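What follows is each chain in one-letter form.
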Amino acid sequence: MKRMFAPAMMMALLGACSSMPNMPDMLASSAWEGRPVTEAIDQFGSPDRIDSLVDKQWVVLVYYKSTSYKRREALGTYTGPQNGQLVHVESWGDVTYDSGCEIHVAINRARQVSKVSTKGGYCGSVDVKPQKRT
């Protein structure tokens, strides 16, 4: 009985963790909450698209950020004769991946930021936290 219960419990826990929002988004959203919309526009610039969520009475400013990142990967292998010996050679190199990230800034009727979230590709390199006030 215990042998059947443990894998089922592990699958349930892993499924619950994968559906949770990521921590940087949660921290950025709570830091932005209640700030005036002018601060968001000052930081991100003019939006690329403006959507509306009628049911929540929000206007959503959408920003597109082009992101790219590099990863070191195996590019190929060769196994065979070389100079009278059997050799195995692996070649490694940096591979660049291009991606895009969307930043969604939800604005309420009081013209304050209600929520900030990211969506899409590699958003880890995009700083969505508000700049420090001077």
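Heads up: the structure comes first, above all this text.
These numbers come from a predicted model, not from an experiment.

A look at unusual backbone geometry
Line of reasoning, step 1. The backbone phi angle of Gln57 is positive, close to 55 degrees, even though this residue is not glycine.
Line of reasoning, step 2. Secondary-structure assignment places Gln57 in the loop between strand S1 (49-53) and strand S2 (58-82).
Line of reasoning, step 3. Looking at Gln57, the relative accessible area reads 46%, which means it is partly exposed.
Line of reasoning, step 4. Although it is not a glycine, Asn83 sits at a positive phi angle of roughly 55 degrees.
Line of reasoning, step 5. Summarising the element assignment, Asn83 is placed in the loop between S2 and strand S3 (85-107).

A look at the layout of surface pockets
Line of reasoning, step 1. Taken as a whole, the second largest pocket spans an internal volume of roughly 150 Å³.
Line of reasoning, step 2. Forming the walls of the second largest pocket are Arg49, Asp51, Leu53, Lys56, Trp58, Val60, His104, Ala106, Lys115, Val116 and Ser117.
Line of reasoning, step 3. Contributing elements (two or more residues each) for the lining of the second largest pocket: S1, S2, S3 and strand S4 (113-120).
Line of reasoning, step 4. Partitioning the lining of the second largest pocket into residue classes produces five nonpolar, two polar and four charged.

Notes on the packing of aromatic side chains
Line of reasoning, step 1. Under the counting rule described, the total for this entry stands at two aromatic pairs.
Line of reasoning, step 2. An angle of 35 degrees between the planes, with centres 5.9 Å apart, marks the rings of Trp32 and Phe44 as tilted. Separated by 12 residues along the polypeptide, Trp32 in helix H2 (residues 23-32) and Phe44 in helix H3 (residues 37-44) bring together distant segments of the chain.
Line of reasoning, step 3. On the basis of relative accessibility, which here comes to 1%, the residue Trp32 falls in the buried class.
Line of reasoning, step 4. Ring geometry for Phe44 against Tyr63: centres 5.3 Å apart, planes inclined by 40 degrees, an arrangement best described as tilted. Taken together, the positions of Phe44 in helix H3 and Tyr63 in strand S2 put the pair 19 residues apart, joining distant regions of the chain.
Line of reasoning, step 5. The class of Phe44 is buried, set by a relative accessible area of 9%.
Line of reasoning, step 6. Look at Tyr63 and you get buried, because its relative accessible area is 1%.
Line of reasoning, step 7. Site record: aromatic cluster; members linked through ring pairs are Trp32, Phe44 and Tyr63.
Line of reasoning, step 8. Its guanidinium or amino end placed over the ring of Trp32, Arg35 lies 5.9 Å from that ring's centre, counting from NZ or CZ.

A short note on the sheet that holds S4
Line of reasoning, step 1. Reading across the sheet, the four strands line up as S1-S2-S3-S4 and stay open at both edges, with antiparallel pairing between neighbours. The open sheet has two edge strands, S1 and S4, and neither has a second partner. Each neighbouring strand pair of the sheet contributes to a mean axis angle of 30 degrees, computed without reference to strand direction.
Line of reasoning, step 2. Pairing of S3 with S4, which is carried by seven bridges, proceeds in the antiparallel orientation. Across the sheet, the residue bridging to Glu102 is Lys119, located in S4.

What to know about the pattern of salt bridges
Note on pairing: side chains with opposite charge can pair once their charged atoms come close.
Line of reasoning, step 1. Under the criterion given, the structure shown has four salt bridges.
Line of reasoning, step 2. Taking the shortest distance from any N to any O, the salt bridge between Glu39 and Arg35 comes out at 2.8 Å.
Line of reasoning, step 3. When its relative accessible area of 15% is taken as the criterion, Arg35 is described as buried.
Line of reasoning, step 4. Here Arg49 and Asp51 are joined by a salt bridge, their closest N and O atoms 2.9 Å apart.
Line of reasoning, step 5. Asp51 gets classed as partly exposed once you look at its relative accessible area, which sits at 28%.

The rules we used
Residues numbered from 1 in each chain as written. Predicted model: local features only at pLDDT ≥ 70, side-chain atom pairs only at ≥ 80, totals over all residues. Heavy atoms only, no water. Helix = DSSP H or I, 4+ residues; strand = E, 2+ residues; numbered from the N terminus. Buried < 20%, exposed > 50% of the residue type's maximum accessible area, 1.4 Å probe, protein only. 1 Å grid on protein atoms, 1.4 Å probe; cavity = no way out; pocket = protein on both sides within 12 Å on 5 of 7 lines; lining within 4 Å. Points joined across faces, edges and corners; volume = space filled by probe spheres on them. Nonpolar A, V, L, I, M, F, W, Y, C, P; charged D, E, K, R; others polar. Phe/Tyr/Trp six-rings, centres within 6.5 Å; stacked < 30°, edge-to-face > 60°. Lys NZ or Arg CZ within 6 Å of the ring centre and 35° of its normal. Pairing = 2+ DSSP bridges. Axes fitted to C-alpha atoms, helices over the stretch in contact; angles between N-to-C directions. Salt bridge = Lys/Arg side-chain N within 4 Å of Asp/Glu carboxyl O.

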